[in-house]
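Chain residues, written in single-letter form:
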Amino acid sequence: MRLVIKCMLSSLLLTGVLLLPSPAMAEVEFLGLKASGEGEAGGRIFVDRPPKADRAKFEEYRDLSPGVFLERLRLRFESQDESYSLVLGAMDAGREDQRFSLYGSKLGWVTFGFEWDQIPHVFSGTARSPYLQGPRDVFGVPDSLQTTLQGASAAAQPGILQSFLVTAPGVDLQTRWDTARLLLNFTAIPDWDLRAEYAQTMKTGDRAMGMVFGSPGGNLVELPGSIDQTVHDFRVTAGLVREWWQLQLGYNLSIFENDLDALIADNPLRVTDAPLGPTGTSAPAHGRVSLAPDNTAQTVSLTGGLNLPWRSRLTGTFAYGWRSQDQAFLPHTINSAIVNPGLTLPADDLDGDVRTLLANLRFTSRPFRTITLGARYRFYDFDDQTSTLVFPAHVVTDTTLITEAVASSRFPYTKQNAGADVAWRPLTPLSTKVGFEWEQWNRDNDHREAPLTNDYTPKIALDYTPVDWLFLRASYAYSWRRISGYNTFAHLAHTVLEEETLQGEVPQSQSTLLRKYDEADRDRNRADLLLQFAPFDTLTFTPSLSFRDDNYTDSPLGLQDDTSWAVGFDVAWSPTDRISLVASYMREEFDARMRSQFRQPPGQLDNPTFEWVAKNRDSVNTAGAGVDAALIPKKLDFRLAWTFSTARGKMTAFNPVTPSGGTSAQNTSATAMNFPTITDRLNQLEASLKYHITTASYVRFRYIFEKYDITDFRTDDIQPFMGGTDIWLGAQIRDYTAQFFTITLGYRF
Amino acid sequence: MRNAGRRILLAALIPTFLGVAILVGSSALQGQVKPAAEPAPTVLPRGFVGAETCKTCHTEPFEQFSATTMGKLFLKHPRNAKEALGCESCHGPGQAHVESGGTAFDGLITFAKQDPTPVEQRNGVCLQCHERAARLHWQGSPHELRDLACTNCHRVMTNISERSQLAKPTEIETCGQCHLERRAQLMRSSHMPLREGKMTCTSCHDPHGTVTDKLLKGNSVNDNCYTCHAEKRGPFLWEHPPVMESCSNCHDPHGSNHEKLLKVFKPRLCQQCHVETRHPTTPQTPGSRFVFNRSCTNCHNRVHGSNHPSGQLLNR
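Cut-off values and rules
Residues numbered from 1 in each chain as written. Chains lettered and ligands numbered in written order. Predicted model: local features only at pLDDT ≥ 70, side-chain atom pairs only at ≥ 80, totals over all residues. Heavy atoms only, no water. Pairing = 2+ DSSP bridges. Helix = DSSP H or I, 4+ residues; strand = E, 2+ residues; numbered from the N terminus. Domains from an automatic or database assignment. Contact = heavy atoms within 4.5 Å. Buried area = accessible area lost by both parts, 1.4 Å probe. Polar contact = N/O pair within 3.5 Å; in protein donor to acceptor, adjacent residues only side chain to side chain. Nonpolar A, V, L, I, M, F, W, Y, C, P; charged D, E, K, R; others polar. Buried < 20%, exposed > 50% of the residue type's maximum accessible area, 1.4 Å probe, protein only. Salt bridge = Lys/Arg side-chain N within 4 Å of Asp/Glu carboxyl O. pLDDT = per-residue confidence, 0-100. 1 Å grid on protein atoms, 1.4 Å probe; cavity = no way out; pocket = protein on both sides within 12 Å on 5 of 7 lines; lining within 4 Å. Points joined across faces, edges and corners; volume = space filled by probe spheres on them. Axes fitted to C-alpha atoms, helices over the stretch in contact; angles between N-to-C directions. Parallel < 35°, antiparallel > 145°, perpendicular 65-115°, else oblique. Left-handed = near helix turned anticlockwise from the far one by under 90°. Phe/Tyr/Trp six-rings, centres within 6.5 Å; stacked < 30°, edge-to-face > 60°. Lys NZ or Arg CZ within 6 Å of the ring centre and 35° of its normal.

> What am I meant to see in the pairing of strand β26 (residues 470-483) of chain A here?
On any regular strand, side chains alternate: one points to one face of the sheet, the next to the other face. Residues and elements named next belong to chain A. Summarising the sheet, strand β25 (residues 452-467) and β26 pair through 11 bridges and their orientation is antiparallel. Paired with Y456 across the strands is W480, a residue of β26. A loop of 2 residues connects β25 with β26, the two strands running antiparallel in sequence. Note that β26 and strand β27 (residues 522-536) share 12 bridges and pair antiparallel. For R473, the partnering residue across the bridge sits in β27 and is L530.

Here it is, written out as structure tokens:
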């Protein structure tokens, strides 16, 4: 009730202030400048506000708190001759998602701008954690718990943990990105364009991070890991424009800074590090995960455009970039019981050095009115010059010492694209185009399975306007990708030092039947159709259809095929000048089929009955409708907008042949089964009445209804304790229903 | 590069560039650029009638145009003879149109839906001034090759959108005129904050043409994503190759009904490429810790790469 009174009083006050002697849209002056602007502010009152635990999806990227709010404000000041201007903007001021902007310009000469934008991101409202966070992302549980669990039997540990986790307090799992942006655009010199932009994004908050002790059977903890990162992005371009040619030089500097190097957490099952056993296994009291390292990237680019005879043009871009990363390495392990000379680090840091080179050429020509020719070539080289480091030993999840050398492989690649097409317009309303595209990936021979892939795509397109109210756009492309060969040793090669006895003597860790879908032979069909009917200026109907089918023709295991299609329409109709109606609908389906095989060394690496097939089908329906009506022209406007989206993810799996030939446990592990369907549905409705008090002021009443439902077996019932000795955050995404009103006053001058 | 070094570099670079830009511009201006408020020519070229004549009949559009940036420039502060032509700098000479009482359109480009002027010619009018900066790559770009007119997306005569003089109030509505599927994708459960107004299509794309066929602003898919997600850039000690080659191997940035914009839910996404031994190859049960919550990334949380000396399994 107090809130309602506050909102009403605020509204009345605002009304009084805004309804000062209004010049009814005549010019307003302020300190000798012409002033204009608009603002809208008011209050938000909830009829049904989701409780905090259910609010994550509702306020995922927004702040919709009840109370007074400034929806938007825009003030413009201009010199009398309108050559100078200053524009101040604000949206949702005082809220978590607030945004401000300030732009100034001298017409035709220079523009400068400043923006501040906050983007919240809420992940879940149900997270709970027993961990206490110390400084710099160090998480601890009481020593008494660790002592108790360390001394308890494996059978007793879950019960002890369950009792402890009942009282785990709630934690906020959300982040916020705050971006400050400065820009300067200088166009005073007729043939020059100078532009500079600097943006700084500060990311703070907490998000879920997992840590496992002992892979893969060890216990796991999920933590609200902190984010404290800054991205600096600086860009400057200088362009010179002449009648027949243009040149542009650009530079970009991007710096990523992470104030947190690592996430450290107690292992609840241990208060001390267990001594290293004869098999090289310990049990740690703590774990440590590395976080994203600081890095820097710079790019210099030069772009030129040249207008040639026969209505032709050549455009070229060359860009060279280099990236570096030299953050100091963490030690191999935080487990004090694991000590080995092989754990001496071969270097203090990676000294990461990546160079990129881009060359892009494009030529178009219209030698005749009815013919358009196009050709293009693109070369992108990713040259990872970072040295390979060899680690004589390493520690798996702070638990197990492995005295087997591993080398950090690098994965340079080159990607080339080329294409050509011819468009012919035999008749004014008809245009046809045929073209051909080629794409080649050239990867490292030893460390990627398919060193060379070539993708060929002939295509055809048609644009037809038989009458001025009908437009048809259709295209079809068929492509086939072929690989030069598949190196089934690549997976092993990129983690273990090559040995002379390797091939044929050591079982490969990866099935030789696997073809990774980004490196496999593939045939693709793709078709798109768009129609636009506009029999009257006031009516447009646009149906569309798209289809894509990928067939992985030579993949015994891996992705087999991937098909998707979408059909929908859009309608816009204004039967009178006082009413306009819109409606849209889109149905999409995605089907992916994969094949795999359960493999367990030493004896069950290639049991054909252990093969299994999984099908994933996603179906999405999206609909919308809206009405804009002037109930009383220039006095009372009505608006209604409804959006509906529902998605269904079906995951089935089966074994073509019943698993057999292994132990009972192996046969069971190889048995595939369906997963419960995942569904989500979003319903949004907004209705508003806008009453124009004067030509300059108005009051708007809005009613908003939102309902979100989700069924996801993976998170619906998750709690900090889910059996065993794992600790989860219990971060659910929950259904919500929200209904609220907003009453705002707007003023325009 | 240490933090202090980076800050010094930025502190030096930013004002240096800005200062150079302003100095160059200012010094070049001295004696080289005429004052901004250049009066309209009193003698019009043959066949031209002047903006005031156009205003006589087209009063409302004239007033609307006067309120736009182009209108203020052309009608009040032209910088050169072309801009000083006002309406006719884009529409062409209007004398025949005036003398016919408004019935003849010879030599005029109306930019209306029924305008018989070829799209290339209409766009050429805009490109006389706007073929610079972001429009350098326009010719030969996907939109240009499909005969998209500038006026399909922009409205020159009136301010409908807050910025960029778009044909619709927002970018999503403008691009969504043709890209219906992408517009629908924005409503999916897992999405970037476009429908909340925090991002727009041009946060990632430049519809006027770029060096990529998907009209991305960056030099590659990954370079585009790293603009904001620089923590994924590396280089890392232990890389995940499909991550390095393209973020779109696993993610659909326009929207997905799977968490984190993934194309397929985990563990199936990962199992499409991982057929080693044991748990990656197990089809799993719904209640397994390898499936529920965040599935594979419950443990392998450094899936984009790890800088930990013992992080080759991407779980440290």
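Moving on from the coordinates now.
> It is not clear to me how the domain arrangement of chain B should be interpreted in this structure. Could you clarify?
The parts lose accessible area when they come together, and the size of an interface is often stated as this lost area. Residue and element names in this part refer to chain B. Partitioning chain B into domains gives domain 1 (51-99), domain 2 (119-217) and domain 3 (220-316). For domain 1 and domain 2, the distance between their C-alpha centroids amounts to 25 Å. Contacts between the two partners involve 10 residues from domain 1, matched on the other side by 8 residues from domain 2. Carbon and sulfur atoms make up 63% of the area that domain 1 and domain 2 hide from each other, which totals about 790 Å².

> I tried to follow the sheet that holds strand β7 (residues 132-133) of chain A on my own but got confused; where do I start?
The strands that make up a sheet are held in pairs by hydrogen bonds between backbone atoms, and each pair lies either parallel or antiparallel. Residue and element names in this part refer to chain A. Read across the sheet, 4 strands follow the order β7-β8-β13-β14 without closing on themselves; strand pairing throughout is mixed. Looking at which strands have only one partner, the edges of the open sheet turn out to be β7 and β14 (286-290). Here strand β8 (residues 138-140) runs beside strand β13 (residues 262-266); their pairing, made up of 2 bridges, is parallel. Bridge pairing in β13 places V138 opposite I264.

> I keep staring at the interface of chain B and chain A and nothing clicks. Help me out?
Contact with chain B, which involves 129 residues of that partner, is made by 199 residues of chain A. Applying the counting rule to chain B against chain A returns 59 residue pairs in polar contact (both at pLDDT 80 or more). Broken down by secondary-structure element, the contributors of at least two residues to the side of chain B that touches chain A are α1 (3-29), α4 (69-76), α9 (142-145), α12 (180-185), α13 (221-226), α14 (241-245) and α15 (268-271) of chain B. Partitioning the side of chain B that touches chain A into residue classes produces 50 nonpolar, 42 polar and 37 charged.

> In this structure, what is going on with the environment of B:P242? I would like to understand it.
Its place among the elements puts B:P242 in helix α14. Residue B:P242 is classed as buried on the basis of its relative accessible area, which comes to 17%. Remark: the alpha-carbon pair of B:P242 and B:R183, spanning 59 residues in sequence, is separated by 27 Å. Beyond its immediate chain neighbours, meaning those up to four positions away, B:P242 contacts A:R448, A:D518 and B:N249.

> Can you walk me through the pattern of salt bridges in this structure?
Side chains carrying opposite charge are able to pair once their charged atoms draw close together. This model, assessed by the stated rule, comprises 71 salt bridges over all chains. A:E706 is paired through a salt bridge with A:R62; the nearest N and O atoms lie 2.9 Å apart. Here A:E706 is found in strand β34 (residues 697-711), whereas its partner A:R62 is found in the loop between β2 (33-48) and β3 (67-78), with 644 residues between them in sequence. Among the ionic pairs, B:R289 bridges to A:D726, the shortest N-O distance being 2.8 Å. With one member in each of two chains, B:R289 in the segment after α15 and A:D726 in the loop between β34 and β35 (736-748) form a pair that bridges those chains. The burial state of B:R289 is the same as that of A:D726; both residues are buried. It is possible to trace a salt-bridge network through shared partners that takes in A:E38, A:E40, A:E71, A:R72, A:R700, A:R702 and A:R748.

> Would you mind going over the confidence of the model for chain A with me for this structure?
Low pLDDT marks stretches whose predicted atomic positions should not be read closely. For chain A, mean pLDDT is 91; residues scoring 70 or higher make up 94% of the total. This stretch, residues 496-503 of chain A, has a pLDDT under 50; its non-local contacts, to residues over four places away or in other chains, come to 9 contacts.

> Explain the layout of surface pockets here, please?
Here the idea is plain: a probe the size of a water molecule rolls over the atoms and shows the empty space left. Residue and element names in this part refer to chain A. In this structure, the second largest pocket encloses a volume near 390 Å³. In terms of lining, the second largest pocket is formed by 23 residues, of which the most central are K52, E59, V122, D172 and Q174. Where the lining of the second largest pocket is concerned, the elements lending two or more residues are β6 (110-124) and β9 (173-186).

> How do you make sense of the packing of helix α3 (residues 59-66) of chain B against α4(B) when you look at a structure like this?
Two packed helices can be described by the angle between their axes and the distance between those axes. All names here are of chain B. Close contact between α3 and α4 brings their axes to 6 Å; oriented N to C, the two are set at 100 degrees. As summarised for this structure, α3 and α4 are arranged roughly perpendicular, according to the angle between their axes. For the pair formed by α3 and α4, the contact residues are F62, F65 and S66 on the first element and M70, G71, K72 and L75 on the second. In terms of residue class, the contact of α3 with α4 is built from 4 nonpolar, 2 polar and 1 charged.

> Mind showing me how you'd approach the packing of helix α2 (residues 143-151) of chain A against helix α3 (residues 157-165) of chain A here?
All names here are of chain A. Put simply, α2 and α3 touch, their axes get as near as 9 Å, and they point 160 degrees apart. What the angle tells us is that α2 and α3 run roughly antiparallel. Handedness of the α2/α3 crossing: right-handed. In this structure, α2 contributes L145, T148 and L149 to the contact, and α3 contributes Q157, I160, L161 and F164.

> What is the right way to look at α4(B) in this model?
One turn of the α-helix equals 3.6 residues, which is why residues spaced by three or four share an orientation. Taken together, the buried positions of α4(B) are B:M70, B:G71, B:K72, B:L73 and B:F74. Where α4(B) is buried, its residues meet β3 of chain A together with α3, α5 (81-84), α6 (88-91) and α8 (119-130) of chain B.

> It is not clear to me how unusual backbone geometry should be interpreted in this structure. Could you clarify?
Residues A:P601 and A:P602 are joined by a peptide bond in cis, for which omega reads 0 degrees. Mapped onto the secondary structure, A:P602 falls in the loop between β30 (579-597) and β31 (611-632). Cis geometry marks the peptide bond from B:K266 to B:P267; its omega dihedral reads 5 degrees. Assignment of secondary structure puts B:P267 in the loop between α14 and α15.

> Please clarify how the environment of A:R49 should be interpreted in this entry.
Residue and element names in this part refer to chain A. Relative to the assigned elements, R49 resides in the loop between β2 and β3. Note: C-alpha distance between R49 and L102 (53 residues apart in sequence) is 34 Å. Each residue touching R49, except ones within four places of it in the same chain, is listed here: R55, E59, S65, P66 and T737.

> Explanation requested: the packing of aromatic side chains in the structure shown.
Each aromatic ring pair is characterised by the separation of its centres together with the angle its planes make. All names here are of chain A. Inspection of the entire model under this criterion finds 26 aromatic pairs over all chains. Geometrically, the ring pair formed by Y456 and W480 is tilted, given 5.6 Å between the ring centres and 35 degrees between the ring planes. Residue Y456 is found in strand β25, and its partner W480 is found in strand β26; the two are separated by 24 residues along the sequence. In this structure W480 comes out as partly exposed when scored by relative accessible area, which is 27%. Linked through ring pairs, F46, F58, Y708, Y736 and F740 together constitute an aromatic cluster. Over the ring of F46 we find R49, and its NZ or CZ is 5.5 Å from the ring centre. Positioned over the ring face of W109 is K106, at 4.5 Å from the centre of the ring.

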